[in-house]
Amino acid sequence: MSTEHHTSEITGWISQARWFAGKGRDWELTSLRRVGELPRPTGEGQTAQPPPELHVVIDLAEVTYATDGEDETDLYQLPLAFYAEPQERISHALIGEWDDEDFGHAFVYDALHDRESMALWLAAFAAPPSPVRGQLEFHRLPGHDLDVEAHSTLFSGEQSNSSVAFGEDSLMKVFRKVTPGVNPDVAIHRVLTEAGSTHVASLYGWLDLVDEDTGTTFQLAMLQQFLRTASDGWDLALASVRNLFAEADLHAEEVGGDFAAEAARLGVALAEVHADLAAHFPVEQRDAADLGHLAGAMEGRLDAALDVVPALAEHRTRLRATYDQLRGLDQVEVQQVHGDLHLGQTLRTVRGWKIVDFEGEPAKPLADRLQPDSVWRDVAGMIRSFDYAPRVVAMTASGDGPEADQRNYRASEWAARNRAAFLEAYTTQRGEELGSSARTLLDAYLADKVVYEAVYEARNRPGWLSIPLAALGETT
Ligand SMILES: Nc1ncnc2c1ncn2[C@@H]1O[C@H](COP(=O)(O)OP(=O)(O)O)[C@@H](O)[C@H]1O
Ligand SMILES: O=P(O)(O)O[C@H]1O[C@H](CO)[C@@H](O[C@H]2O[C@H](CO)[C@@H](O)[C@H](O)[C@H]2O)[C@H](O)[C@H]1O
């Protein structure tokens with residue numbers, strides 16, 4: 001199905017969207033393809049009917065970047081709501097007004113802001129229809145009756161994707177940048193849900209787009225348990241550091257809000273998630289040659305990072321020596337891991353810690369993110385977060401001279417205390433010591449992550465670049 005779109009309106013909408021990863025690059029909208037229309041509910045189990053003039057569709061926008069030599073493209077998912085009349089309540093989500101080939105003259109909105117449109121998505125998950133007008137396939141896992149009356153609320157803080165809560169019952173994540181094949185967030189949540197893991201939000205369902213022409217499947221969205229009582233792990237860690245800084249002379253363990261017990265619980269949760277992943281995804285061995293490639297890949301990332309952050313140069317020799325240690329290892333076990341773990345991917349509920357967002361590192365192609373990796377990558381990710389939290393609070397605190405020195409000393413103490421608690425609990429839960437091979441892997445992944453962070457901060461939050469650079473400075 002193709003349709004006449006208004007390219008300039010859509011281009012303007014994409015360019016200012018939070019989830020658009022191409023900001024600052026030279027790009028254009030090279031195609032728009034309508035891939036399906038959300039079906040209207042049949043009435044069964046659905047009291048409220050959508051307005052008769054509403055049509056909700058999914059379009060895929062192809063964005064092409066001008067690069068030297070070859071064109072690079074990304075596909076973005078746009079759920080759109082077409083109304084015959086303007087809708088005052090969602091005026092902030094208006095994309096434009098144009099004549100559409102399918103629906104005639106219409107006012108077009110970002111459907112995720114619209115409760116009426118979201119009710120159609122929820123109804124489709126509640127009673128998955130046969131594909132209608134397109135190739136959309138809604139899937140459900142058994143075990144939970146959806147609250148189809150729940151109203152939708154779009155999360156405001158999301159970055160790479162868009163999340164919509166349905167009351168306090170379920171949460172739908174709409175993947176914005178889509179690629180063919182399995183999305184690790186869906187695949188891993190499905191496996192962990194079916195395995196009865198208590199450390200993830202249960203998966204309720206997902207939406208596939210099956211391209212009939214090519215036989216390719218894209219995963220467009222997932223629906224999961226809404227964690228009603230959740231507090232963000234990053235926010236909790238910051239609060240703990242602030243408590244420590246509010247007390248002039250006390251040590252972390254003497255202050256209310258000490259985080260070490262939570263860090264230990266996080267270590268246990270991660271070990272349990274790793275065990276479940278090892279039981280349900282392939283576990284493989286990597287030999288000395290593979291480890292040589294890993295060291296080479298880390299060196300390559302460092303070389304590329306030097307162009308973005310020249311200040312890394314003074315740490316180059318030591319970083320390369322850390323990666324080089326990998327070449328001395330014989331064999332290492334790898335398995336499915338989280339891939340981008342940090343405190344912002346953890347939620348503390350009354351029932352313990354949950355880990356979210358199994359999509360992996362945003363910069364990697366999706367297919368690579370389902371490749372087995374070392375568990376020490378995830379451990380390193382969390383340890384880096386324990387370093388970030390006190391440094392972020394210290395950066396915004398007032399007072400310099402001896403006061404700042406004292407704060408920095410206590411920041412390091414907070415990081416060391418929580419790192420130790422986390423690592424001890426993680427290894428104990430796995431029933432193994434942190435042996436020399438694991439230490440080598442952990443050091444290499446820590447170094448690799450700091451380099452990644454230096455690039456990430458230089459590009460996204462230059463004011464925070466000092467955080468990874470200070471970490472490198474401390475270990476020289
Ligand atoms: N099941 C859930 N219940 C409640 N909040 C959640 C749930 N899953 C994720 N969140 C919160 O939603 C936000 C976005 O989640 P995330 O999976 O990280 O999305 P993105 O892929 O856009 O980064 C985060 O603030 C996260 O803490
Ligand atoms: O959440 P994302 O998957 O988009 O991850 C990216 O952004 C993170 C920042 O939000 C970034 O994490 C870095 O900053 C965190 C504090 O904001 C800190 O806790 C992490 O340890 C640090 O790496 C992450 O690296 C990036 O991939």
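Higher on the page you've got the structure.
Note that this is a predicted model, so its numbers are computed, not measured.

Q: For this particular structure, what's the right way to read the site of ligand 2?
A: Around ligand 2, the surrounding shell holds 15 residues, and the nearest of these are Asp340, Ser385, Tyr452, Glu453 and Tyr456. The side chain of histidine 342 places a nitrogen or oxygen atom 3.1 Å from an oxygen atom of ligand 2. The side chain of arginine 461 places a nitrogen or oxygen atom 2.9 Å from an oxygen atom of ligand 2. The protein chains hide 91% of the 530 Å² of surface that ligand 2 would expose on its own. Listed by contribution, the elements that provide at least two residues to the shell around ligand 2 are helix 9 (375-396) and helix 11 (436-460). Per element, the largest residue contribution to the shell around ligand 2 is 4 residues, and it comes from helix 11.

Q: Help me understand the packing of aromatic side chains, please; the structure alone is not making it clear to me.
A: Describing an aromatic ring pair means giving the distance of the ring centres and the angle of the ring planes. Under the counting rule described, the total for this entry stands at 15 aromatic pairs. Between tyrosine 83 and tyrosine 109, the aromatic rings sit 6.0 Å apart at their centres with planes inclined by 80 degrees, giving edge-to-face as the arrangement. Of this pair, tyrosine 83 sits in strand 3 (residues 72-83) while tyrosine 109 sits in strand 5 (residues 104-110), placing them 26 residues apart in sequence. Just as tyrosine 83 is buried, tyrosine 109 falls in that class too. Ring centres 6.3 Å apart and planes at 20 degrees place the aromatic pair tyrosine 452 and tyrosine 456 in the stacked group. Here tyrosine 452 pairs with tyrosine 456, and both are found in helix 11, just 4 residues apart, close to one helical turn. Grouping aromatic residues by their ring pairs yields a cluster made of Phe259, Trp353, Phe386, Trp414 and Phe422. Arginine 25 extends its terminal NZ or CZ atom over the ring of tyrosine 65, reaching a point 3.9 Å from the ring centre.

Q: Help me understand the site of ligand 1, please; the structure alone is not making it clear to me.
A: The environment of ligand 1 is made up of 16 residues, and the closest members are Asn161, Lys173, Gln225, Leu227 and Asp357. Note that an oxygen atom of ligand 1 is positioned 2.8 Å from one of the side-chain N or O atoms of asparagine 161. Here an oxygen atom of ligand 1 and a side-chain polar atom of lysine 173 are 2.8 Å apart. Relative to its unbound accessible surface of 550 Å², ligand 1 loses 85% to contact with the protein. Every element with two or more residues in the shell around ligand 1 is listed here: strand 9 (170-174) and strand 11 (216-225). Among the residues forming the shell around ligand 1, the class breakdown is 7 nonpolar, 6 polar and 3 charged.

Calculation notes
- Residues numbered from 1 in each chain as written.
- Chains lettered and ligands numbered in written order.
- Predicted model: local features only at pLDDT ≥ 70, side-chain atom pairs only at ≥ 80, totals over all residues.
- Heavy atoms only, no water.
- Near = heavy atom within 4 Å.
- Polar contact = N/O pair within 3.5 Å; in protein donor to acceptor, adjacent residues only side chain to side chain.
- Areas by Shrake-Rupley, 256 points an atom, 1.4 Å probe, with all protein chains shown as cover.
- Helix = DSSP H or I, 4+ residues; strand = E, 2+ residues; numbered from the N terminus.
- Phe/Tyr/Trp six-rings, centres within 6.5 Å; stacked < 30°, edge-to-face > 60°.
- Buried < 20%, exposed > 50% of the residue type's maximum accessible area, 1.4 Å probe, protein only.
- Lys NZ or Arg CZ within 6 Å of the ring centre and 35° of its normal.
- Nonpolar A, V, L, I, M, F, W, Y, C, P; charged D, E, K, R; others polar.

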